[in-house]
Amino acid sequence: MAQQSLPIYPPALPPGAIVHVAYSGGLDSTVLLHLLAHSDPRMRLRAVHIHHGLQPLADEWAQRCEKFAGKLGVAFELLRVQVDALDPAGPEGAARTARYEALRGLMRPGDCLATAHHRDDQAETVLLRLLRGSGVQGLSAMRVLRPFAPGCYFL
């Protein structure tokens, strides 16, 4: 019998706080957005799509994300970022940096950023941290909740 995980929900937030869902349009973030949109009608959600402009279909993905969020009745925000092509971390690292910088700019005190990750992401994080020599700390993988900007980061 396959092991089944129970859904984990964001922490209780102060009145008026928003859960910003990092919404790429991929399966993981689509499932997360759908789950949160149907979990608590009092939760203020915003789907946030980061447009890196790195893929030929980037505009089309942004439109799909906006349309899906609209079907769920979730506010949508499109953020365009510039990726430094000369960044020593490479294009993926530069895109990650630009993405989190943009997301930090949305956050207000009490807000929460929610991102979706599957078990392979967790395993990859553990392996990469161990290869970098992080030791016992690396065995913890990604923490479910941690401070982020003036709010929190939930995954």
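Read on for an overview of the structure. All figures in this text were calculated on a predicted structure; none of them were measured in a lab. (Residues numbered from 1 in each chain as written. Predicted model: local features only at pLDDT ≥ 70, side-chain atom pairs only at ≥ 80, totals over all residues. Heavy atoms only, no water.)

## As for the nonpolar core
Working step 1: In this structure, Val19, Val21, Leu33, Leu36 and Ala114 are the most contacted members of the largest nonpolar core, which totals 15 residues.
Working step 2: Secondary-structure elements contributing two or more residues to this core are strand S1 (18–22), helix H1 (27–37), strand S2 (44–51), helix H2 (58–72), strand S4 (112–114) and strand S6 (151–154).
Working step 3: Examining the composition of this core, we find that three residues originate from one element, H1, more than from any other.
Working step 4: Of all hydrophobic cores here, the second largest spans 14 residues; its members include Ala22, Ile50, Leu106 and Met107. (Core = buried A, V, L, I, M, F, W, Y, C linked by side-chain atoms within 4.5 Å. Buried < 20%, exposed > 50% of the residue type's maximum accessible area, 1.4 Å probe, protein only. Helix = DSSP H or I, 4+ residues; strand = E, 2+ residues; numbered from the N terminus.)

## With respect to the packing of aromatic side chains
Working step 1: By the definition in use, this model includes two aromatic pairs.
Working step 2: A ring pair is formed by Tyr23 and Phe68, whose centres lie 6.2 Å apart and whose planes are at 35°; its orientation type is tilted. Of this pair, Tyr23 sits in the loop between S1 and H1 while Phe68 sits in helix H2, and the two are 45 residues apart along the sequence.
Working step 3: In this structure Phe68 comes out as partly exposed when scored by relative accessible area, which is 24%.
Working step 4: Measuring from ring centre to ring centre gives 6.0 Å for Tyr100 and Tyr153, while their planes differ by 40°; the resulting arrangement is tilted. Taken together, the positions of Tyr100 in helix H3 (residues 90–106) and Tyr153 in strand S6 put the pair 53 residues apart, joining distant regions of the chain. Each member of the pair Tyr100 and Tyr153 is classed as buried.
Working step 5: Note that Arg64 overlies the ring of Trp61, its terminal NZ or CZ placed 5.2 Å from the centroid. (Phe/Tyr/Trp six-rings, centres within 6.5 Å; stacked < 30°, edge-to-face > 60°. Lys NZ or Arg CZ within 6 Å of the ring centre and 35° of its normal.)

## Some words on H2
Working step 1: The first and last C-alpha atoms of H2 sit 21 Å apart over 15 residues, in line with the 21 Å expected at 1.5 Å per residue.
Working step 2: For H2, every residue scored as buried is listed here: Ala58, Ala62, Cys65 and Ala69. Buried residues of H2, viewed axially, fall in a sector of 60°; they line one side. Pointing more than 90 degrees away from the buried face of H2 are the exposed residues Gln63, Lys67 and Lys71.
Working step 3: Directly beyond the C-terminal end of H2, a positive phi value near 75° is found at Gly73. (Expected span 1.5 Å × (residues − 1). Arc of directions from axis to C-beta.)

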